[in-house]
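The chain contents come next:
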Amino acid sequence: LYVWLPVLTEYVEWVLEEAVRNEKKRLYFLARDGYMMYLMAKKLVDTRGIDLDIRYLKISRYSIRSAEYYFVGKEALDTLCAGGIEISFEKIMKRANLTEEESLHIARLAGYTEKYRTVLSYRQLCRLKKELSRIGQLFDYIKQHARNRYNTTVSYLRQEGLLEETSYALVDSGWVGTLQLSLQRVLEHEKAGKVRLQGYYFGLYARPEGTTAAQYRAFYFGEKEVLRKIRFSNCLFETVFSAPEGMTCGYRLKERRDEVFCKIANTVCSMLRDGRRRQGCSAP
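All values derive from a computational prediction rather than experimental measurement. (Residues numbered from 1 in each chain as written. Predicted model: local features only at pLDDT ≥ 70, side-chain atom pairs only at ≥ 80, totals over all residues. Heavy atoms only, no water.)

**Here we look at the overall build of the chain**
- From N to C terminus, the chain includes 12 helices and 5 strands.
- Expressed as a percentage of the 284 residues in the chain, the buried residues total 42%.
- A fraction of 72% describes how many contacts in the chain between residues 6 or more apart in sequence connect residues 24 or more apart.
- Of the accessible surface of the chain, which amounts to about 16700 Å², a share of 51% is contributed by carbon and sulfur atoms. (Helix = DSSP H or I, 4+ residues; strand = E, 2+ residues; numbered from the N terminus. Buried < 20%, exposed > 50% of the residue type's maximum accessible area, 1.4 Å probe, protein only. Contact = heavy atoms within 4.5 Å. Areas by Shrake-Rupley, 256 points an atom, 1.4 Å probe, with all protein chains shown as cover.)

This is the structure in structure tokens:
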């Protein structure tokens, strides 16, 4: 109440002020770090009568990149071979959604059968990236698996209104802004036109190459604020402010809304017919 809540409140109030100033109509708080921010924003908007549509978007770098791989070609290696905790050849293939059989096939072609589960250094990742760029079969596998993921991801984004012609912005914890860039690329590919997303973030260590500062607005620290960067722990922030559920791994089409409506209508009609029969009436 006395430490964390004031931090969250001040950040969300700043976001709402920025959104109103920039004439945004809708805000998407991104899973999972945006969950408590979303709850706070809903409360503030309702109590203060602010004209903003507040929504929560279930998304992750993994889920959106799995769709992005469908059309980016060899650029997929930029994120597949990105650094992280205990990155191995096997983990890179899992990032690409390949099956075990397909992964072992690519490992044989790349000469990594013996080092399949070996943790790779930064230099080894760079060498592996060059080697993988020469293997055409890898990109065939990636595109094959990404096709269905792209379709279901776009269906979800359309359902949540991101393809509508309305002014909206993203809200998240921040750090490097790659999720916003991947989301923008998927939307641009689906719309076959330019999309300019804007995001509000608690802090930004850096932003993707080729983007502008206007697209990435930071609250507590930006790229050049070194002192605040080194005194800040993003791990602690994510530990405190996060959703109770796990990471979004992907999307699945369950039922279309028109199909759901037809099922409800048929059920109601059936109940009415049964009721009329019990009363001795002929069913219409």
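**Some points on the packing of aromatic side chains**
- As enumerated under the stated definition, the model contains 30 aromatic pairs in all.
- Taken together, a centroid distance of 6.1 Å and an interplanar angle of 80 degrees make the contact between Phe-71 and Tyr-150 edge-to-face. Residue Phe-71 is located in helix α3 (residues 61-72), and its partner Tyr-150 is located in helix α8 (residues 136-159); the two are separated by 79 residues in the primary sequence.
- On the basis of relative accessible area, Tyr-150 is assigned to the buried category, the value being 4%. (Phe/Tyr/Trp six-rings, centres within 6.5 Å; stacked < 30°, edge-to-face > 60°.)

**Let's talk about the pairing of strand β2 (residues 53-57)**
- Pairing of strand β1 (residues 26-30) with β2, which is carried by 5 bridges, proceeds in the parallel orientation. Within β2, the residue paired with Leu-27 across the bridge is Ile-54.
- What joins β1 to β2 is helix α2 (residues 35-48), and the crossover it makes is right-handed. (Pairing = 2+ DSSP bridges. Right-handed = clockwise from strand over helix to strand, strands pointing away.)

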